[in-house]
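Architecture at a glance
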Amino acid sequence: MLASRIRGGVHPAYRKELASGQPIETAPTPERVDIPLAQHLGVPATAKVARGDEVAPGDLIGEATKLICANVHSPVAGKVRAVVQKPLPGGRLCDYVEIQVDREATDAHIWERQDIDLDKIDQKWVAATLRGAGIVGMGGATFPTDVKFSPPPNASLDTLILNGAECEPYLSCDHRMMVEHAEELLHGMLLADAAFAFSRLVIAIEKNKPDAIAAFNAAIDALGLRNAARTPVEVIGLDVRYPQGAEKVLIKVVTGRTVPAGKLPFEVGVVVSNGQTLFALYEAAYFGKPLVDRVVTVSGEGIERPKNIRALIGTPVADLIQLCGGVDPATTKVIAGGPMTGTALPSLDYVVTKGLSGLLFLTQSEYPSESPCIRCGSCVEVCPMGLMPLKLAAYAKAGKFELAKATNLADCFECGSCAWACPANIQIVSWIKYAKNYIRVKGL
Ligand code: SF4
Ligand code: SF4
C-alpha cells in the first residue's frame, strides 16, 4: 500500500548532514552516573536503593508502582552515593540516584545471549518483558511501552508500524540505528508479531534516508522474511515533510485510518513503535538487558564535532560535550531533543535519559529571537490538526485559558510546525504547553 500525503506540515531546514554520516560511537563509561527516577510519562518510580548500597549492571534501583510508570535499572557497577532531589530539564523536581561507578567491573560485564522460541511467547510475555526492563517510547514520548502493548481484550490489532520517519531536524540517532542494526530491529518486530499475530508489519522511513531503506531490505532478505507463509514486512518510503513521524499523522499516512481525538492508536488496530524501543525489546528478550543505554545525536553549529553516541543512562551531558570536542562560545541555545519539540536547557547540569534523542547546541543564526505577530496566517496553514495556533498563543499570553481550551487546545500534539513556520519566531508551542500545564494544575 502506498503512503498518502499529510495535511499541513512544514519543510524545516533539516540540518541532518551535520551528524547523519557519523557512525554510532560508544561513550566511555563515566566516573559517576546520576539517574532520575522520572524518565517516563506518568508517576516517578520509587527508589529501591539508598546511600552506601552496592549495585551491579541491570539491578533494579527504581520500581514502577503504578500502571503508567516504568522501572529504572542501574547501568553500572558501583556504590550509591546518595538519592537526592534535582530538577529535570522541564524544571520539575524528581529523585536522582547518584552512583559512583566501578568502571572496571562495569566494562567487564557481559549480557549473555539466551535462546527464545518465538512459537512459545505471547502478548503477556512480551508485555512482562517490556515492563520488567523499564522500556519506554524512545522517540521522546517516553510512554511506558508495556501499556502500549497491553490493549483491552476487545481490541483487535492488525498493524505494527516501526516509526523510522525521524522527521525532527538535526536528529539522526534513529537513522544510524536503522542503518547499523536493521536485523536487530526486525527481531524486535518479530517478537511483537509473535505476541499479536499482526497482518501487516510496516517499516515507515522518510525518503531522505535511502541507506536505511536499503539496510532494511537487505536485512529482510538475510532473515528470509519474504516467505509468503509469514506476516509480510513492508518498507515504505515517506514524503519528507514534518511532522510525518507524529504517531497519529503516521497512522493516517500508512493505513488511512484516523485516531479519534483523545484516543490511542489501538482504537484503530495499530501499534506504532520507535526503532530504538524495538531494539530495547530485542535486547531485553534475547539478552535479559534492561533499558540502560541509548543512542543520542549531539549536533548543531555550536558543537565542535557532531556525533551519534551510545551512552549509558545517567551519563553527564558534560561527558558528551567533551567527546564531541567542546562547545563554541557563539552557542545561544541548548536543546534536549529536537528543535521542534525539544526543551531548552537552562544549564548543562543534566544527564542522558531514556527519552533523550538529541542534544543540540544552536547559534543565533539557527535560533533567532522573537518579534510581534504580523497575522500572516502561516501557522494556521501548516497545522496538521487544523488549529489556530496564533490564537492559542495569544490566549495563553493573556491568561485566557478557558478561551484557549474552547479553541481546541487539547488537540495540539505539540509538533512545533507552527512555531517553525512563524516569521516572527514566536515560541507558539511554549505558550501552548504553558496553557496546558496551567489548565492541568488548576483543574480547569
Ligand atoms: S498548534 Fe500544535 S499541532 Fe498545530 S502546528 Fe502548532 S504544535 Fe503542531
Ligand atoms: S505565523 Fe507567527 S506571525 Fe504569522 S500569524 Fe502565526 S503567530 Fe502570527
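All values derive from a computational prediction rather than experimental measurement. Every residue gets a number counted from 1 within its own chain, in the order that chain's sequence is written. Written order determines the labels here, with chains lettered from A and ligands numbered from 1. Residues qualify for local features only when their pLDDT is at least 70, as the model is predicted, and side-chain atom pairs are given and counted only at 80 or more; totals for whole chains, interfaces and linings, by contrast, use all residues. Here the side-chain values reflect all heavy atoms present in the structure, with hydrogen atoms and water set aside.

1. Details of the site of ligand 2
As a reminder of what qualifies: By convention in these notes, a residue is near a molecule or strand provided one of its non-hydrogen atoms lies within 4 Å of it. Any residue outside Ala, Val, Leu, Ile, Met, Phe, Trp, Tyr, Cys, Pro, Asp, Glu, Lys and Arg is labelled polar, Gly included; the first ten of those are nonpolar and the last four are charged.
If you check the shell around ligand 2, you find Cys373, Ile374, Arg375, Cys376, Gly377, Ser378, Cys379, Leu390, Cys422, Pro423 and Ile428 and nothing else. The residue makeup of the shell around ligand 2, split by class, is 8 nonpolar, 2 polar and 1 charged.

2. Looking at unusual backbone geometry
Convention followed: Secondary structure elements follow DSSP: runs of H or I of four or more residues count as helices, runs of E of two or more count as strands, with numbering from the N terminus. Burial classes: relative accessible area under 20% of the type maximum marks a residue as buried, over 50% as exposed, and values in between as partly exposed (1.4 Å probe, protein chains only).
Note that the residue after Tyr242, namely Pro243, is joined by a cis bond; omega there is 5 degrees. Structurally, Pro243 can be placed in the loop between strand 11 (233-238) and helix 7 (247-255). For Asn425, which is not glycine, the phi dihedral falls at a positive 55 degrees. Relative to the assigned elements, Asn425 resides in the loop between helix 13 (417-421) and helix 14 (428-442). Of the residues examined, Asn425 reaches a relative accessible area of 23% and is grouped as partly exposed.

3. Brief notes about the site of ligand 1
As a structural note, the neighbourhood of ligand 1 is formed by 13 residues, with Cys383, Cys412, Cys415, Gly416 and Cys418 the closest of them. The set of elements that each furnish at least two residues to the shell around ligand 1 consists of helix 13 and helix 14. Here the residues of the shell around ligand 1 are counted per class, giving 10 nonpolar, 2 polar and 1 charged.

4. Considering the domain arrangement of the protein chain
To be explicit about the condition: Residue ranges for the domains originate in an automatic or database domain assignment. Every residue pair with non-hydrogen atoms within 4.5 Å of one another is taken to be in contact. In this description, buried area is defined as the sum, over both parts, of the accessible area (probe of 1.4 Å) that is lost when the two are combined.
What the domain assignment lists for the protein chain is domain 1 (115-287) and domain 2 (378-442). Averaged C-alpha coordinates put domain 1 and domain 2 at centres separated by 30 Å. Tallying the contact residues gives 5 residues for domain 1 and 6 residues for domain 2. Taken together, the two surfaces of domain 1 and domain 2 that pack against each other cover about 430 Å², and 74% of this comes from carbon and sulfur. Its residues placed into classes, the side of domain 1 that touches domain 2 shows 5 nonpolar, no polar and no charged.

5. Quick word on the sheet that holds strand 11
Threshold: Any two strands between which DSSP finds at least two bridges are classified as paired. In this analysis, axes come from line fits to C-alpha atoms, helices being fitted only over the stretch in contact, and the angle between any two N-to-C directions falls in the range 0 to 180 degrees.
Sheet architecture is open: 4 strands sit in the order 11-10-9-12, paired in parallel fashion. Here the strands that pair on one side only, and so sit at the sheet edges, are strand 11 and strand 12 (270-274). Neighbouring strand axes in the sheet, compared pairwise and without regard to direction, differ in orientation by 25 degrees on average. Along the sheet, helix 6 (residues 210-222) makes contact with strand 9 (159-164), strand 10 (200-206) and strand 11, crossing strand 11 at roughly 170 degrees.

6. Here's the deal with the environment of Val334
Within the element layout of this structure, Val334 appears in strand 15 (residues 331-336). Residue classification places Val334 among the buried positions, given a relative accessible area of 13%. Sequence-wise, Val334 and Pro346 are 12 residues apart; in three dimensions their C-alpha atoms are separated by 7.9 Å. In this view, Val334 contacts Thr343, Ala344, Leu345, Leu348, Leu360 and Phe361; residues no more than four positions away in its chain are not counted.

7. Some remarks on the layout of surface pockets
Note the cut-off: A 1.4 Å probe that fits but cannot get out identifies a cavity on a 1 Å grid over protein atoms alone, an open set with protein on both sides within 12 Å along at least five of seven lines counts as a pocket, and a residue lines either if it has an atom within 4 Å of a point. Grid points are joined across faces, edges and corners, and a volume is the space filled by probe spheres set on the points.
In this structure, the second largest pocket occupies an estimated 390 Å³ of space. Trp111, Lys289, Asp293, Arg310 and Leu312 are, among the 20 residues lining the second largest pocket, the residues nearest its centre. Every element with two or more residues in the lining of the second largest pocket is listed here: helix 1 (103-108), helix 8 (275-287) and strand 14 (307-312).

8. Looking at the side chain of Arg200
We count it as follows: Counting of polar contacts relies on pairs of N or O atoms within 3.5 Å, with two restrictions inside protein: one atom must be capable of donating a hydrogen and the other of accepting it, and residues adjacent in sequence are counted only when both atoms are side-chain atoms.
With respect to the helices, strands and loops of the structure, Arg200 is situated in strand 10. We classify Arg200 as buried; its relative accessible area is 14%. Side chain to side chain, Arg200 and Glu234 meet in a polar contact 2.9 Å long.

9. Some points on the environment of Ala77
Residue position: Ala77 is located in the loop between strand 6 (72-73) and strand 7 (78-87). Along the sequence, Ala77 and Gly58 sit 19 residues apart, while their C-alpha atoms lie 8.8 Å from each other. Leave out the neighbours within four places in its chain, and Ala77 touches Val55, Ala56, Pro57, Gln100, Val101, Asp102, Ala105 and Thr106.

10. A closer look at the packing of helix 5 (residues 182-196) against helix 6
Selection criterion: Crossing handedness is read from the near helix: turned anticlockwise from the far helix by less than a right angle, it gives a left-handed crossing, and turned clockwise, a right-handed one.
Running from amino to carboxyl end, helix 5 crosses helix 6 at an angle of 65 degrees, the nearest separation of the two axes being 9 Å. Helix 5 and helix 6 meet at a crossing whose hand is right-handed. On helix 6, the residues touching Ala182, Glu183, Leu185 and Leu186 of helix 5 are Ala215, Phe216, Ala219, Ile220 and Ala222. Looking at the contact of helix 5 with helix 6 residue by residue, the classes come out as 8 nonpolar, no polar and 1 charged.

11. Notes on empty space enclosed by the protein
Enumeration according to the criterion identifies 2 cavities of 30 Å³ or more in this entry. Considering only enclosed or pocket space, the largest cavity measures out at about 90 Å³ in volume. Lining the largest cavity we find 14 residues, and of these Cys383, Leu387, Cys412, Cys415 and Cys418 sit closest to its centre. Residues of the lining of the largest cavity, tallied by class, amount to 11 nonpolar, 2 polar and 1 charged. Volume-wise, the second largest cavity comes out at about 60 Å³. Residue lining of the second largest cavity: Met138, Gln276, Phe279, Ala280, Glu283, Lys289, Pro290, Leu291, Val292, Asp293, Arg294 and Arg310, and that is the complete set. Looking at the lining of the second largest cavity, the elements that each hand over two or more residues are helix 8 and strand 13 (293-299). In terms of residue count, helix 8 provides more of the lining of the second largest cavity than any other element does, 4 residues in total.

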